[in-house]
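Okay, here's what each chain looks like letter by letter:
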Amino acid sequence: MFFMKRVKAMVDNFLEALILKCLQKVNGERSISGTYHLLKGKKSSQTIQDSHLFGINRFFGIYPNINREELNSVIQKFVENGLAKKLPNNNYAVTAAGMKELEHYFKKYPFPVHVNGWDIQNTGVTFWKRLSLLIQTISNLVRKQKGFYPIQKDPGIQKWIKNYISGQKLSRQDLGAALLKELLPLLEEVSSQEREIFVLRLSSSKRTGLTYAQIAQQLNLEETYVYFLFVNVIHYMITNIKSEKNLYKYLSILLEGAPVAEKPITLSTHTTYQYLLNGVDKEEVARLRNLKVSTIEDHIVELALTDSHFDTSPYLQKELEQEIASIAISNQTRKLKEIKERLTGNASYFQIRLVLARYGEKI
Amino acid sequence: MKLEAYLEKHFGYTQFRDGQKETISEIMAGNHTLSMLPTGTGKSLCYQLPVYMMNKPAVIVSPLLSLMQDQAEQIKVRGEKRVVSFNSFLSFEEKRYALNNLHTYRFIFVSPEMLNSRQLLAGLKKLDIGLFVIDEAHCISQWGYDFRPDYLNLGPVRKQLGDPLTLALTATATPAVRSDIIKELGGDEFTEILSSVDRGNIALKAEKFSSYEEKEQRLLTLVKQLQGPGIVYFSSKKTAETAAAFLQTQGNGRSAFYHGGLEQEQRILIQQQFINGELDLICATSAFGMGINKENVRYVIHFQMPMQMESYVQEIGRAGRDGKESAAILLYLEGDEGLQLSFIERELPAINQVKGIVHYLKSKNASSGEEAARLLQKDDIGALFALNEIQLRIIQHMLLSLHDLQDLKLIEAEMISFVENRKEGKVKKLRTLLSWIHANTCRRELITRYFHQKIQQKPEQCCDYCGIDLEGFYQKDPPENPAEFRPIFDWKEELIEMLVPGRNE
């Protein structure tokens, strides 16, 4: 067989470390499906709420290429290696050995700090598609080379770049120079590995961009780590461009109209929100929309998570909110049942979830 | 004006390739045409030129998104702007715009699923369609190697469009598949243009092994000796990956793997690197090759046998499109067919799955085939009965062809016999390919005979039975030290060079 001899490591790559990290954060309170949907970036109330609840919303949608079988086999491996164990409820928890391995692994390969899946969402993908095609196009145009094969196949992106270029008053040469001037300082701020990865990924008139695997080989890194470092650069760029639009005149245009809602909530939640804003109470919304009350409650929790100004007072009295929060914080728990049992008075699971949504990251 | 004059005027070529002129003449004479032209001989010219000559638009149905994109792109790169592709990539606004301006396009590409759209169909009906083109037409035949249930809709669609002049294109189709194509398209009379499936500049060889290690070593030797660029085909993604890694550690730096499991952008990069000559070797599954225009592929190796002769001919046909001498080598280890047998099993629904589905429909009181097919879509049945997407589509298609569901017992029997027939047919085809591997006669003759054709002339480098000299395909001066994958680079210099060339100096 084509197998290469390799010393068996506990965690084989960065993606695995990330999965283990998710298991640790979720702490056996959700099934593996939760982690799967999180990495895929599923826009369901459950996934969005959980990602905030467990403090892992930066991982939201950052590895959409994950598949279930792969995830299951990684977790199976963790169990065999003693890094995780199966709980009676069929969920998984990280063992002491797993914790140690995590600490060890992230010391060696620090988690890319700018990665923020929740805030950036699909903007990252769109930004890269536009930027890479823009650079390829300019690189060909300034050399007067026509008729190249665009590296991005999405016709929407192609059309967008065409409009972008024809909409600029600058000559192509000047546009190239202007982009360079904006890109250089951004790249100077990331690590040398990261900027090499970024440039290697680009295609020009002279060469085709490299795949993650090829870059990994060239820089002697591991493939999934290359991927996350790349995402890190992209997210870093976007965060900076957004906060100082006047400094990045030409790059900031690339973020315009990127398909992400300012408030990334599900469509259904948005509809519910409109009703609530009009003073309709949740039972009535359920009746009007022909949905279960519990579904509307899911929407409300989601709104509390995504909008820090969302008013929860119609559902929750201040004293109750404080009591629930203090139980959760002092006992370091997010288990609804446990919190309910410790309460002096009475509260619904909905109310407890609402508090957890508000205080999630402090717990 | 003669056809050649049109060719030169619009494309700048002075000569047609094999089969192009014959096909175009038939179309211009107003005859429905089925054209079997080998891959890479410019099938798309057969509809492009008539569009300009008739000054009427062509509607082109293409089975694969990537294939459609590539063809549309190639036409655009030539400078033609009046091209549109209707596929899932189009946004709502773009689709609306394209629909409102349908009459302005010369080339309208559509995916078969898109033809289910009433709006699009209504728009197409208003056009004076010059030519209705079905690319990869063998996909319409359930006996073809790449059956796509969506294609079965093309017959009815064609009728709705008022039987436009039709061109069905395919690279490899047996007589049975060809008659199936014509039947499914509505039974009109079709002129068949059949160029030979034989590619005289591709030498054929099959080698047999008794152990995996031996075969693997042979692969290593071959890719080291043979003049590239080359493609090695594998049946599984995993093997393609591990083999690529193995070859790389053995000094084949300029190689990569390609399969459908890779993210789209990574796939495009590999494809582009190979076309641009930045890679010499691709370890791939059958997902690689469709729509890739690369003239100078010098060899195709099959590390595992394909499922049937049609796929084999299609895959080796990616070698030597420039007409220069190339080699096709199949490496066979006893039992290799087992993998393909298991694929056949997986592609078709099992008997008990069919029974389960029928039972389910009974419980839901489905009254018509259409309703039943819809039920299967809505209820996430795939997961429930452990059916994969292809299996589910096959079942849905069978249901759609039924008018009423009165006698479910009968339907169950029909479905089971369909599945069994299809399985049997596939196994038979696999056996035929297997016997080709073991044959003690001219391989070229056997291939042409399979398609009911004859060889015009045997080339010098024919096959391992007639005798070939593989050394003729070796690299003239093999590099002593394979170069580094890529030289060390300076990120800044490189970025400057991309955007402001010349500033570095």
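Residues numbered from 1 in each chain as written. Chains lettered and ligands numbered in written order. Predicted model: local features only at pLDDT ≥ 70, side-chain atom pairs only at ≥ 80, totals over all residues. Heavy atoms only, no water.

Turning next to the domain arrangement of chain B. Residue and element names in this part refer to chain B. Segmenting chain B into domains produces domain 1 (3-194), domain 2 (202-334 + 438-473) and domain 3 (343-429). A straight line from the C-alpha centre of domain 1 to that of domain 3 covers 31 Å. The interface is formed by six residues belonging to domain 1 together with seven residues belonging to domain 3. Carbon and sulfur atoms supply 59% of the area that domain 1 and domain 3 bury against each other, a total of about 760 Å² over both sides. Applying the counting criterion to the domain 1 and domain 3 interface returns zero salt bridges. The tally of links between domain 1 and domain 3 comes to zero residue pairs in polar contact (both at pLDDT 80 or more). Taken together, the residues that form the side of domain 1 that touches domain 3 break down as four nonpolar, one polar and one charged. (Domains from an automatic or database assignment. Contact = heavy atoms within 4.5 Å. Buried area = accessible area lost by both parts, 1.4 Å probe. Salt bridge = Lys/Arg side-chain N within 4 Å of Asp/Glu carboxyl O. Polar contact = N/O pair within 3.5 Å; in protein donor to acceptor, adjacent residues only side chain to side chain. Nonpolar A, V, L, I, M, F, W, Y, C, P; charged D, E, K, R; others polar.)

Glancing now at a positive patch on the surface. Taken together, the side chains of A:Lys144, A:Lys146, A:Lys162, A:Arg172, B:Lys76 and B:Lys81 define a basic patch exposed on the protein surface. Relative to the helices and strands, B:Lys76 resides in helix H4 (residues 65-77). The exposure class assigned to B:Lys76 is partly exposed, which follows from its relative accessible area of 42%. (Patch = residues over 30% accessible without salt bridge, like charges linked within 9 Å, V, L, I, M, F, W, Y side chains within 5 Å. Areas by Shrake-Rupley, 256 points an atom, 1.4 Å probe, with all protein chains shown as cover. Lys, Arg positive; Asp, Glu negative; His and termini not counted. Charge placed at Lys NZ, Arg CZ, Asp CG, Glu CD. Helix = DSSP H or I, 4+ residues; strand = E, 2+ residues; numbered from the N terminus. Buried < 20%, exposed > 50% of the residue type's maximum accessible area, 1.4 Å probe, protein only.)

Evaluated as defined, the whole model comprises zero disulfides over all chains. Cysteine B:Cys46 remains unbridged, with the sulfur of B:Cys139 as its closest cysteine sulfur at 18 Å. (Disulfide = S-S within 2.5 Å.)

Time to look at the nonpolar core. Side chains that are nonpolar tend, in soluble globular proteins, to be buried together. In terms of nonpolar packing, the biggest core is built from 125 residues, with A:Phe78, A:Phe198, B:Leu495 and B:Leu499 touching the most fellow members. With 13 residues, helix H12 (residues 223-243) of chain A is the largest single contributor of residues to this core. Contact partners of B:Leu499, with chain neighbours within four places excluded, come to A:Ile135, A:Ile138, A:Val142, A:Gly176, A:Ala177, A:Leu179, A:Leu180 and A:Leu183. The next biggest cluster of nonpolar side chains, apart from the first, holds 80 residues, and it includes B:Leu124, B:Cys139, B:Phe274 and B:Ala284. (Core = buried A, V, L, I, M, F, W, Y, C linked by side-chain atoms within 4.5 Å.)

Of the residues lining the interface, 48 residues belong to chain B; the matching set on chain A comes to 48 residues. Here chain B and chain A share an interface that buries about 4,500 Å² over both sides, 62% of which is from carbon and sulfur atoms. Area buried by chain B at its contact with chain A is led by B:Trp491, B:Met498 and B:Leu499, which between them contribute 18% of it. Across the chain B-chain A interface, the total number found is eight salt bridges. Residue B:Glu497 is joined to A:Arg143 by a salt bridge in which the shortest nitrogen-to-oxygen separation is 2.9 Å. Between the two partners, chain B and chain A, sit 15 residue pairs in polar contact (both at pLDDT 80 or more). Secondary-structure elements contributing two or more residues to the side of chain B that touches chain A are H4, helix H9 (212-225), helix H10 (237-249), helix H11 (264-275) and helix H20 (491-499) of chain B. Tallied by class, residues from the side of chain B that touches chain A come to 23 nonpolar, 12 polar and 13 charged.

On to the pairing of strand S1 (residues 33-36) of chain B, then. Residue and element names in this part refer to chain B. Every second residue of S1 is oriented toward a common face, with Thr33 and Ser35 on one face and Leu34 and Met36 on the other, all of them buried. In this sheet, strand S6 (residues 166-170) lies alongside S1 in parallel orientation, the contact comprising four bridges. Bridge assignment links Leu34 to a residue of S6, and that residue is Ala168. As judged from the four bridges shared by S1 and strand S7 (residues 191-194), these two strands associate in the parallel manner. Within S7, the residue paired with Met36 across the bridge is Leu194. (Pairing = 2+ DSSP bridges.)

All names here are of chain B. With respect to topology, six strands assemble into an open sheet ordered S8-S13-S12-S9-S11-S10, the strand pairing being parallel. Edge positions in the open sheet fall to strand S8 (202-209) and strand S10 (255-258), since each of these has one partner strand only. Each strand of the sheet is rotated relative to its neighbour by a mean of 15°, with strand direction disregarded. (Axes fitted to C-alpha atoms, helices over the stretch in contact; angles between N-to-C directions.)

A word on the confidence of the model for chain B. On average, residues of chain B score 87 in pLDDT, and 95% of them are at 70 or above. The element-level mean pLDDT for chain B is lowest in helix H16 (residues 381-384) of chain B, coming to 72, with strand S12 (residues 299-302) of chain B highest at 98. (pLDDT = per-residue confidence, 0-100.)

We now examine helix H2 (residues 32-40) of chain A. Residues and elements named next belong to chain A. Turning to H2, its buried residues are Ile32, Thr35, Tyr36, His37, Leu38 and Leu39. Where H2 is buried, its residues contact helix H1 (14-26), helix H3 (45-53), helix H4 (68-80) and strand S2 (92-94). Positive backbone phi, approximately 85°, marks Gly41, located one or two places after H2.

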